[in-house]
Amino acid sequence: MNYGKVFHNAKWIVVCKILQSLLQLAVGMLSARFLGPANYGLIKYAASVVAFAMPLMKLGLDATLVHELVEHPEKEGEIIGTSLLMNFVSGLACMGGVFAFSSVMNAGETETVIVCVLYSLSLVFAALEMIQYWFQYKLMSKHSSLVMLGVYFVVSAYKIFLLATEKSVYWFAVSNSVEFGLVAILLVAIYLKKGGKLGFSLKTGISMLGKSRHFIVASMMVVVIQNTDHIMLTKIAGKAENGFYSAAITCTIIAQFVFTAIIDSFRPVILENKKENSPEYELNVSRLYCITQYLSLAQSIVFTVFAELIVNILYGAEYAATVPVLRILIWYFSFSIMGVVRNVWIVAEQKQKYLWIINLTGVLLNVTLNAILIPQFGACGAAVASLSTQIFANFIFGFIFKPIRENNRLLIAALNPKMLVRESKKIVSLIMKKNNK
C-alpha cells in the first residue's frame, strides 16, 4: 500500500480540521451559552429536520461518486457536471419539502418554521459542495481543506459578530448556509482553474442514479437513526432536553474530522485495489478498521473519564445534565464509525442493494427504543437508544446477515492488537522519513 500518498492527503485534512475544530469548539461553546438550552435545542431541531432532506438532495451520489470517477476517468467532467446539476435541482425541491414538513409538524410555531426554512438554504449550497469528492478522488484534499478552513474563519467571525451584537436565533440559522455557499463557490472555482470540465449527459445521470439509488433510502434511514431522537426529544421532553442531548453530541464529534480524513484518504485506494483485484484489498479494509477502531476506543475512554470536566469547560453549570448523556453517547461514536467503514466495503463489493435491509433494521429498533426510553429517562434514554441501535446495526447484524458477513471477518481481524502494532510502526516510520527529508 502507498502509505505516502494516503498520509500526505490525510495530513492536510487533519491539520486544517484541527484548526477548524478548535475554532468550532470555541464558537459553539459561546453560542450554546448565549442561546441557552432552549434556543440551542431549537437550532439543533432545525438541523435535524434539514438532515432528513439531505440524503434526498445528495441522491446517494456522495457514496458512489468516487467509485464512478475511478471506473470511468475518461468521463470525469461529464460525471462531475451531471452530479452537480442533479443535486442542485433536488436541493431546491428539498427546501420546499422542509417548509411543508415544518409547517405541518410545527403548526402555530412561527419561530420554529422560520428557523427551519432559513437553515434549509444550506441544501442548495451543499449540492454544489459535492465537488469535494473530485478532490478526494485525486488525493488533492490540500486544496479543499484549505478552502474549508478559510471559509470557516470567515463564518466564525460572522458568528462572533452575531454574539457581540446579540442577534436573534434567525441569524444563527442562516450562518450554516453562508458556510456551505462560500465553500461551494470556491471549490468550483478551483476545480475549473485546474482545467476541470463541467458537462451534462442524461444517459450518464440515469446510469449514476441506477447505482446510487440504493444509498438514497439507506441514507434516509441513517438520518432517521441519527435525528429521530432530536425530534422526539423536542416533542416529548421539550427543547431544553434536546439542548442537553445536542451538547453531548457536539462533544462526541469534536475529533470526527480525524476519522473522516482517514476514511476519505483510504476510500479511493480501496476502490482501486478492488478494481485491479489487488491482493492488498482485504488487508487495506482491515487496516482502515484497525486505525479507526483503536482511535475511537481511546477517545471513548478519555471522554468517559473526563466528561464532567469537559462539559463544565465547554458549556458551564447550566448544561450539567449533559454529563451522563455524554458518558453514554461517546461509545455510540465507535460503532457509528464501523458503519462508515463498512459502507466503503459495500461500495467496493457493489452490494448497495442490501443497505436498506441493514438500515431499516436500525430504524425500527431506534424508533422503538426512543419511544420507550425518552418518556422515562429523557436525554439519557435517547442516548441509550442511539448506542444500542449502533451496536446492533453496525456490529451484531453483520454476523446475522449472510451477505455482509465477510465484512465482519475483516473487522474482527482488524481488532487483533498485533495488526495495530504492525501498522503503527509503519506509520511512525513514514512520519520519521518525512521529517528527515
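Residues numbered from 1 in each chain as written. Predicted model: local features only at pLDDT ≥ 70, side-chain atom pairs only at ≥ 80, totals over all residues. Heavy atoms only, no water.

### Remarks on the overall build of the protein
Then, in step 1: Looking only at helices and strands, the protein features 17 helices and zero strands.
Then, in step 2: Out of the 437 residues in the protein, the part that is buried amounts to 52%.
Then, in step 3: Taking contacts inside the protein between residues at least 6 apart in sequence as the whole, the part at least 24 apart equals 83%.
Then, in step 4: Accessible surface, the protein: about 18300 Å² in total, of which carbon and sulfur atoms supply 68%. (Helix = DSSP H or I, 4+ residues; strand = E, 2+ residues; numbered from the N terminus. Buried < 20%, exposed > 50% of the residue type's maximum accessible area, 1.4 Å probe, protein only. Contact = heavy atoms within 4.5 Å. Areas by Shrake-Rupley, 256 points an atom, 1.4 Å probe, with all protein chains shown as cover.)

### What about the side chain of Ser386?
Then, in step 1: Considering the arrangement of structural elements, one finds Ser386 in helix 15 (residues 355–400).
Then, in step 2: Look at Ser386 and you get buried, because its relative accessible area is 1%.
Then, in step 3: The contact partners of Ser386, leaving out residues within four places of it in the chain, are Asp229, Tyr245, Leu329, Tyr332 and Asn366.

### Remarks on the nonpolar core
Then, in step 1: Ranked by size, the top nonpolar core spans 110 residues in total, and within it Ile43, Leu123, Tyr245, Tyr315, Tyr319 and Leu326 carry the most contacts.
Then, in step 2: Among the elements that line this core, the one with the most residues is helix 14 (residues 322–349), at 16 residues. (Core = buried A, V, L, I, M, F, W, Y, C linked by side-chain atoms within 4.5 Å.)

### Regarding the packing of helix 13 (residues 307–314) against helix 14
Then, in step 1: One way to put it is that helix 13 packs onto helix 14 with a least axis distance of 9 Å and a crossing angle of 125°. Classified by the interaxial angle, the pair formed by helix 13 and helix 14 is oblique. Crossing of helix 13 against helix 14: the hand is right-handed. On the side of helix 13, the interface is formed by Ala307, Glu308, Ile310 and Val311, while helix 14 contributes Thr322, Val323, Leu326 and Arg327.
Then, in step 2: For the contact of helix 13 with helix 14, the residue count by class is five nonpolar, one polar and two charged. (Axes fitted to C-alpha atoms, helices over the stretch in contact; angles between N-to-C directions. Parallel < 35°, antiparallel > 145°, perpendicular 65-115°, else oblique. Left-handed = near helix turned anticlockwise from the far one by under 90°. Nonpolar A, V, L, I, M, F, W, Y, C, P; charged D, E, K, R; others polar.)

### Comments concerning the packing of aromatic side chains
Then, in step 1: Counting across every chain of the model gives eight aromatic pairs.
Then, in step 2: Residues Phe335 and Phe395 carry aromatic rings whose centres are separated by 6.5 Å and whose planes lie at 65° to one another, so their mutual orientation is edge-to-face. On the criterion of sequence distance, the pair formed by Phe335 in helix 14 and Phe395 in helix 15 is long-range, its members being 60 residues apart.
Then, in step 3: On the basis of an interplanar angle of 20° and a centroid distance of 5.3 Å, the ring pair of Phe397 and Phe401 is categorised as stacked.
Then, in step 4: On the accessibility criterion, Phe401 (16% relative accessible area) is buried.
Then, in step 5: In this structure an aromatic cluster arises from ring pairing among Tyr354, Phe392, Phe397 and Phe401. (Phe/Tyr/Trp six-rings, centres within 6.5 Å; stacked < 30°, edge-to-face > 60°.)

### Topic: the packing of helix 4 (residues 110–120) against helix 8 (residues 169–193)
Then, in step 1: Where helix 4 contacts helix 8, the two axes come as close as 7 Å, and the packing angle between them is 20°. Relative to helix 8, helix 4 is oriented roughly parallel. Considering only the axes of helix 4 and helix 8, their crossing is right-handed. Facing helix 4, whose interface residues are Glu111, Ile114, Val115, Leu118 and Tyr119, helix 8 presents Val169, Tyr170, Ala173, Val174, Asn176 and Ser177.
Then, in step 2: Its residues placed into classes, the contact of helix 4 with helix 8 shows eight nonpolar, two polar and one charged.

Don't take any of this as a statement about function, it's just geometry.
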